Amino acid sequence: MTIKELAKLADVSIATVSKIMNNKDENISPVTREKVLRIAQQHNYSPYAKAISKAFPKTQLVGVVVPDISDRLYASVVQYLDGYAMEQGYSLVVTSTFGDVNREALSIDSLLGKRVEYILFLYGRIEAASQDKLREHNTPFYCVPFGPDEQDEDKPVLDFQSAAEEAVSFLSGLGFEKMAAVLREKDGPLCRILHRSMERNKIVFDESLIFEFGQQEPSEVLEILAKTGVKAVVVQDTEIARLIYSCVYARHMNIPGDLSVISFDFGGEGHTFLPELCTLVLPHKELAKILWDTVFHMVSTRREQGIEPVGLMFKEGKSTARSTDRHKVKICVIGGVNLDVTFLVDEILGSTETMTIHERSILPGGKAGNQAIGVARLDGAASIISILSNDMDGKNLYNNLAANNVDVSGIGFDNAASTGIAYIFVTKSAEYLIGYYQGTSDSISRKHVEECMDILLSSEYCLLQNSIPDETLLFITRLCRKHGIRIILKPSGYKMLPPEVLEELYMLVPNKTELNQIMPGEGSVGEKAAALIAGGARYVVVTLGEEGCYFTDGKAGKEYPAIDVEPIDTTGASDAFISALAVLLAEGESIDTAIEYATIAAGISTTRLGAQSSLPDRYTLEMYRKKLIGRIS
């Protein structure tokens, strides 16, 4: 700011300003004096600033003006800039405008008062008056457009075109022939960039599937996508992505089971999405380095230097899946979710004896939780109906299920009950003993299931445990029978199975111990399984540990050998078995093929510690089967 500009703002003469600044203001009224000094302070006016600047041009200071330094994007870039500046012996002076023109003018006055050698504006354009003032003071400056809608399409600073190409190409590779976009401006540059990218990847560009954020609610967008059958969407930023996620789960849908999502992310690390969001991330450190190199070149040579466009990094998360995976039959799991506290011991001892514990672990567990995650790991569309305690343990279990691509919209929270815990003692030879505290499993009521009716009725398979209250169990089995939903039930060894439930089952999958508890007395595995068929179950599969399993439909039986592995922990084997069995049946495979897959999945799980951590993914399962199918056949 010059003395002339200050006099104009204060509505006084230049002479008056000069007298006040030089303490020769005896004849000037206190009111006028206070007004001039206040304006001078607001605009960081420094007498003789130009003369001082010319006499002492080097201050080793660089000004950085940002919209809001508290924003993660700007804070991160400025942090890296500061590091690069310090390496060259410079310091940064940072101010925020908050989008206010007056604050921009004040920021410039402040920086000029500190005689910065260069000013970097981390936004696309500054006011004409600001430009004139900087040129008048011979202070070089550069504006960096961060947003896609601020870019000069001929000379972009950020290469959104290549980023869009990568995102669209990725979705195209997953089999999508059509996709939608939710943008801040429907007719802005990012829309044109996506249009070009879709055309190059031979994906249909439909203007009716380009939505402007704020003009249509995310729920409306999802409604249109559901009607048009579009299963993939690109969104402009993570705020939009967060709202899309919320609406997807509110509609009892699943990401990526029902919708694949990719988002631009200008804030970088720090956002939490379950499942992890696929993003096109602005590389803050790389951008800061290029910006500083440009600044340093300018202050060193006083010559302008162009900036090579900075590319965005594609960070693959878990929010996308193959287009063909969208049509899989949904599998609903109902039952308890709890913590598994596992102890590694030398041997399982009898009563009045003491066991030495060598290792202890606390991990998410519970048969319903294990089976739901097992289904999702095998690319099935898994949902769960359960009750969790409304405490830290319950919330951690909820987040774990969501992070593993399970639809958690059927989970309720109980303020009174505590989280269930399974105490598991495991030996090095893979023998185990389990003690179970029910916790919230007792809270899964008929009322809660009725509230989640749309989740259950949209499924074709239901994986069920009889650890829940009998009244709820009977309601579910009869409801499923009425609506043609196939129930696969894993009985609990500590609780008897109500006889009337047996009549409603598509498949019962006990182990040998559970079989003998349900059918006590003499008789072979085959005879007891056949008796269960006579009691109403359509099919029975008895898991036999290292001996494999036995299947019967009441007319004939078949034995399936276990795969040859060195077991470490067998506690999750039955859940791995049932998960694979359900997924393969849901995909339309024969029972024979489904049991082959299930036997392999169970074997794989025994080679790893823990229940959920041992559940195999689809790639691992297919690779094992490829190697072992000859032997199994």
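Each chain carries its own residue numbering, running from 1 in the written order of its sequence. Local features in a predicted model are, by the rule used here, given only for residues with pLDDT of at least 70; side-chain atom pairs are given and counted only at 80 or more, and totals for whole chains, interfaces and linings are based on all residues. Side-chain figures throughout are based on the complete set of non-hydrogen atoms in the structure, without hydrogens or water.

- Going by an unreviewed UniProt entry, the chain carries the name Ribokinase and comes from Clostridium symbiosum.
- As stated in UniProt under Subcellular location (unreviewed entry), the record for the chain gives "Cytoplasm".
- UniProt positions are given in the numbering used here, feature names are shortened, and annotations may be inferred rather than shown by experiment. In its Sequence similarities (unreviewed entry) section, the UniProt record describing the chain reads: "Belongs to the carbohydrate kinase PfkB family. Ribokinase subfamily."

1. A word on helix α1 (residues 3-10)
What sets the pattern is the α-helix's 3.6 residues per turn: residues three or four places apart point alike.
Part 1: Throughout this description, buried means an accessible area under 20% of the type-specific maximum (1.4 Å probe, protein chains only), exposed means over 50%, and partly exposed covers the range between. Every helix listed is a DSSP run of H or I at least four residues long, and every strand listed is a run of E at least two residues long, numbered separately from the N terminus. Among the residues of α1, L6, A7 and A10 are the ones counted as buried. Seen end-on, α1 carries its buried residues on one side only, within an arc spanning 100°. The exposed residues of α1 that point more than 90 degrees off its buried face are K4 and K8.
Part 2: Just past α1, the residue D11 takes up positive phi, approximately 60°. Arc definition: it is the arc formed by the directions from the helix axis to the C-beta atoms.

2. A closer look at the pattern of salt bridges
Part 1: The rule for a salt bridge is simple: a side-chain nitrogen of Lys or Arg has to be within 4 Å of a carboxyl oxygen of Asp or Glu. This structure, assessed with the given rule, holds 15 salt bridges.
Part 2: R184 is the salt-bridge partner of D237, the closest N and O atoms lying 2.8 Å from each other. Highlighted residues: D237 in the loop between β8 (232-235) and α11 (238-250) and R184 in the loop between β6 (180-183) and α9 (189-200), separated in sequence by 53 residues.
Part 3: One network of salt bridges, in which partners are shared, links R184, D237 and E239.

3. Some thoughts on the sheet that holds strand β14 (residues 338-345)
Part 1: Two strands pair if DSSP finds at least two bridges between them. Here we have four strands laid out as an open sheet, ordered β15-β14-β18-β19, and mixed in their pairing. Of all strands in the sheet, those bounded by a partner on one side alone are β15 (357-365) and β19 (432-437). For this sheet the average axis-to-axis angle between neighbouring strands, irrespective of direction, equals 15°. Throughout, an axis means a line fitted to C-alpha atoms (over the contacting stretch in the case of helices), and angles, computed between N-to-C directions, take values from 0 to 180 degrees.

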